[in-house]
Amino acid sequence: MKKKLQDALIELANFKLRVNDFIDTAVYEVVFDIITADTFISGVATKILDSSRISIAEKTILDRPLLDNFYWLSPDGRKVDISKFPQIIEYVAQIEKVRICGKKIVQSEV
């Protein structure tokens, strides 16, 4: 399972989203939330790969989906329609792969 997580992290690292491409859009601020989620989830995934302990707060984040069909599920509970931005959907889907792989590993260790 760790190999799958490592592969998902590599895929995510190769995916680039340019914030400036979204300056004049309704999702500009959402992109920052998504990049923050990427950074945090990638950090937790790295800790899992390094066999480091993760906190309860980190486990909670792994339990929380980021995407519901074409809606970004923001940390403050808002659902933001990102259906008109396939590049963002693809990016969030990559983050979700990492999150789900990490979650499965954590659950298997309980």
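For the structure, see preceding data.
Cut-offs and rules
- Residues numbered from 1 in each chain as written.
- Predicted model: local features only at pLDDT ≥ 70, side-chain atom pairs only at ≥ 80, totals over all residues.
- Heavy atoms only, no water.
- Salt bridge = Lys/Arg side-chain N within 4 Å of Asp/Glu carboxyl O.
- Buried < 20%, exposed > 50% of the residue type's maximum accessible area, 1.4 Å probe, protein only.
- Phe/Tyr/Trp six-rings, centres within 6.5 Å; stacked < 30°, edge-to-face > 60°.
- Helix = DSSP H or I, 4+ residues; strand = E, 2+ residues; numbered from the N terminus.
- Lys NZ or Arg CZ within 6 Å of the ring centre and 35° of its normal.
- Pairing = 2+ DSSP bridges.
- Core = buried A, V, L, I, M, F, W, Y, C linked by side-chain atoms within 4.5 Å.
- Contact = heavy atoms within 4.5 Å.

1. Focus on the pattern of salt bridges
Here's step 1: All chains considered together, the criterion is met by eight salt bridges.
Here's step 2: When the shortest N-O distance is used, the salt bridge between D21 and R18 registers 3.3 Å.
Here's step 3: A relative accessible area of 41% means that D21 is categorised as partly exposed.
Here's step 4: For R18, a relative accessible area of 54% puts it in the exposed group.
Here's step 5: K79 is the partner of D68 in a salt bridge, and the nearest nitrogen-oxygen pair spans 2.8 Å.

2. Brief notes about the packing of aromatic side chains
Here's step 1: Following the criterion strictly, the structure yields three aromatic pairs and no others.
Here's step 2: Between the aromatic rings of F22 and F85, the centroid separation amounts to 6.0 Å while the plane-to-plane angle is 65 degrees, which identifies the pairing as edge-to-face. Placement of the pair is F22 in the loop between α1 (2–13) and α2 (28–49) and F85 in the loop between β3 (79–81) and α4 (86–108), with a sequence separation of 63 residues.
Here's step 3: With relative accessibility at 5%, the residue F22 sits in the buried group.
Here's step 4: We classify F85 as buried; its relative accessible area is 18%.
Here's step 5: Summarising the aromatic geometry, the rings of Y28 and F32 are spaced 5.3 Å apart at their centres and angled 90 degrees between planes, so their arrangement reads as edge-to-face. With Y28 and F32 both in helix α2, this residue pair falls four residues apart, about one helical turn.
Here's step 6: Classification of F32 as partly exposed rests on a relative accessible area of 40%.
Here's step 7: The ring of Y71 carries the charged tip of K79 above its face, separated from the ring centre by 5.3 Å.

3. Structural notes on the sheet that holds β3
Backbone-to-backbone hydrogen bonds join strands into a sheet, with any given pair of strands oriented parallel or antiparallel.
Here's step 1: Within the open sheet, the three strands sit side by side as β1-β2-β3. Their pairing is antiparallel. Single-partner strands in this sheet number two, and they are β1 (67–68) and β3.
Here's step 2: Where strand β2 (residues 71–73) meets β3, three bridges bridge the pair, whose relative direction is antiparallel. The residue of β3 that forms the bridge with W72 is V80.

4. Looking at the nonpolar core
For soluble globular proteins, nonpolar side chains are generally found buried alongside one another.
Here's step 1: In this structure, W72, I82 and I88 are the most contacted members of the largest nonpolar core, which totals 34 residues.
Here's step 2: Listing elements by their share of this core, those giving two or more residues are α1, α2 and α4.
Here's step 3: At nine residues, α4 tops the list of elements feeding residues into this core.
Here's step 4: Those residues within four positions of I88 in sequence are excluded, and the remaining contacts are L17, F22, V27, V31, I34 and I82.

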